[in-house]
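The primary structure of each chain is shown beneath.
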Amino acid sequence: RPAAAPPAPTTALATAAPHRALSRGRTRGGAAPTPTGGQTNRQVIRNALSVVCLAGAPDEQRRIEALTALDAAGDSHFVILLVEGITLSYRGVYAHTPSGGLQRIVGKCPPRLAEDQAGSLYKYSSTGRKFAALSGRSSFKTTADAISIEPKQLKKLLDAHRAQAAERRRGLSAGQPEPSRGTSLASTSPRVAKSEWNPRHHEL
């Protein structure tokens, strides 16, 4: 009687935690519509985070944190926040909201962003493993996989958020009711100034 074939070797891919087959709001017939009316780009964002933004051992913990938060989020169109400089650097991930803004799901970045606070827009190519700059603003809600922001603008937004948080803490300690968490920074934060830096000449 012939000997049984040996079991197939276990690969790193086989032992890795599988991506959810069905996320919240998704059916077996396909992805559910996102708040912006399109389909989720979750897998594209996963690829960009794993291969480009947070690739390698030094960023392993941040990569795990970002992918875990991405998988836990409901179906949406997601964008990665990149900080402009000599090169682009990862700062966090946002999800589009029905009201048209962006809500942070992970990262050290402002909890909310408005469309007019974004600088350049980018589309990620899983084949080319890089971001390509997009022209115009019409692709913000449905096509862009990443947005950039200038360091000075990022600092202003973070400072504004810290000031609001400190004011809430002072109000709570004085017995005042906590303000609605739906308040956006868009009404208090300055618009992003257009940078002269040409993103086409820099790849992440």
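Here, the structure is the one placed above.
Now for a look at the structure at hand. Only a predicted model underlies this, so the values are computations on that prediction, with no experimental measurement involved.

Cut-off values and rules
Each chain carries its own residue numbering, running from 1 in the direction its sequence is written. Selection of residues for local features in this predicted model requires a pLDDT of at least 70, selection of side-chain atom pairs for listing and counting requires 80 or more, and totals for whole chains, interfaces and linings are taken over all residues. No hydrogens and no water enter the side-chain calculation; it runs on all heavy atoms of the structure. Strands were regarded as paired on the criterion that DSSP finds at least two bridges between them. Each helix corresponds to a stretch of at least 4 residues labelled H or I by DSSP, and each strand to a stretch of at least 2 residues labelled E; elements are numbered beginning at the N terminus. Two residues form a contact once any of their heavy atoms are found within 4.5 Å. Throughout, an axis means a line fitted to C-alpha atoms (over the contacting stretch in the case of helices), and angles, computed between N-to-C directions, take values from 0 to 180 degrees. A simple rule labels every residue: compare its accessible area, found with a 1.4 Å probe on the protein chains alone, to the largest value its type can have, and call it buried under 20%, exposed over 50%, or partly exposed in between. Only buried residues count toward a nonpolar core, which is a set of Ala, Val, Leu, Ile, Met, Phe, Trp, Tyr and Cys residues joined through side-chain atoms within 4.5 Å. Here a salt bridge means any side-chain nitrogen of Lys or Arg lying within 4 Å of a carboxyl oxygen belonging to Asp or Glu.

**Points about the sheet that holds strand 5 (residues 121-125)**
Consider a sheet: its strands pair through backbone hydrogen bonds, and that pairing is either parallel or antiparallel. Spatial ordering of the open sheet is given by 4-3-2-1-7-5-6, a layout of seven strands whose pairing is mixed. In the strand order of this sheet, the two ends are held by strand 4 (112-113) and strand 6 (130-134), each with one partner. Bridge analysis of strand 1 (residues 78-83) against strand 2 (residues 89-96) gives six bridges, and the strand direction is antiparallel. Residue pairing across strands places Val83 opposite Ser89, the latter belonging to strand 2. Contacts from helix 3 (residues 60-72) reach strand 1, strand 2 and strand 3 (102-107), with the element oriented near 140° to strand 3.

**A closer look at unusual backbone geometry**
In this structure, Arg129 takes a positive phi of about 55° despite not being glycine. Within the element layout of this structure, Arg129 appears in the loop between strand 5 and strand 6.

**Some details on the environment of Thr143**
Mapped onto the secondary structure, Thr143 falls in the loop between strand 6 and strand 7 (146-149). The exposure class of Thr143 is partly exposed, given its relative accessible area of 28%. The spacing of Thr143 and Asn41 is 102 residues in sequence and 8.9 Å in space, taken between C-alpha atoms. Those residues in contact with Thr143, other than ones at most four positions away along the chain, are His77, Lys123 and Leu134.

**Quick look at the pairing of strand 2**
With six of eight residues buried, strand 2 lies mostly within the body of the structure. Once strand 1 ends, the chain turns through five residues before running back antiparallel as strand 2. As defined by bridge partners, strand 2 adjoins strand 3 across five bridges and the pair is classed as antiparallel. Paired with His96 across the two strands is Leu102, which belongs to strand 3. Hairpin connection between strand 2 and strand 3: a loop of five residues separates the two successive antiparallel strands, and Gly100 in this loop has a positive phi of roughly 105°.

**Focus: the nonpolar core**
For soluble globular proteins, the rule of thumb is that nonpolar side chains tend to be buried together. In terms of nonpolar packing, the biggest core is built from 24 residues, with Leu49, Cys53, Ile80, Tyr90, Val93 and Phe131 touching the most fellow members. When residues of this core are traced back to their parent elements, those giving at least two are helix 2 (42-53), helix 3, strand 1, strand 2, strand 5 and strand 6. If near-sequence neighbours (up to four positions away) are discounted, Val93 is found in contact with Ile45, Leu49, Phe78, Val79, Ile80, Gln103, Arg104, Ile105 and Val106. Grouped together as the second largest cluster of nonpolar side chains are 16 residues, Val79, Leu113, Leu121 and Ile149 included.

**Here's the deal with the pattern of salt bridges**
Side-chain pairs of opposite charge can arise where the charged atoms are in close proximity. Scanning the entire structure with this criterion turns up six salt bridges. In this structure, Arg42 and Asp75 form a salt bridge, with 3.0 Å as the shortest nitrogen-oxygen distance. Taken together, the residues span a long stretch of sequence, with Arg42 in helix 2 and Asp75 in the loop between helix 3 and strand 1 at a distance of 33 residues. Each member of the pair Arg42 and Asp75 is classed as buried. Residues Lys123 and Asp145 are paired through a salt bridge, measuring 3.5 Å at the closest nitrogen-oxygen approach. Of this pair, Lys123 sits in strand 5 while Asp145 sits in the loop between strand 6 and strand 7; the two residues are 22 residues apart in sequence, bridging distant segments of the chain. On the basis of relative accessible area, Asp145 is assigned to the buried category, the value being 0%. Bridged by salt links that share partners, the residues Lys155, Asp159 and Arg162 form one connected network.

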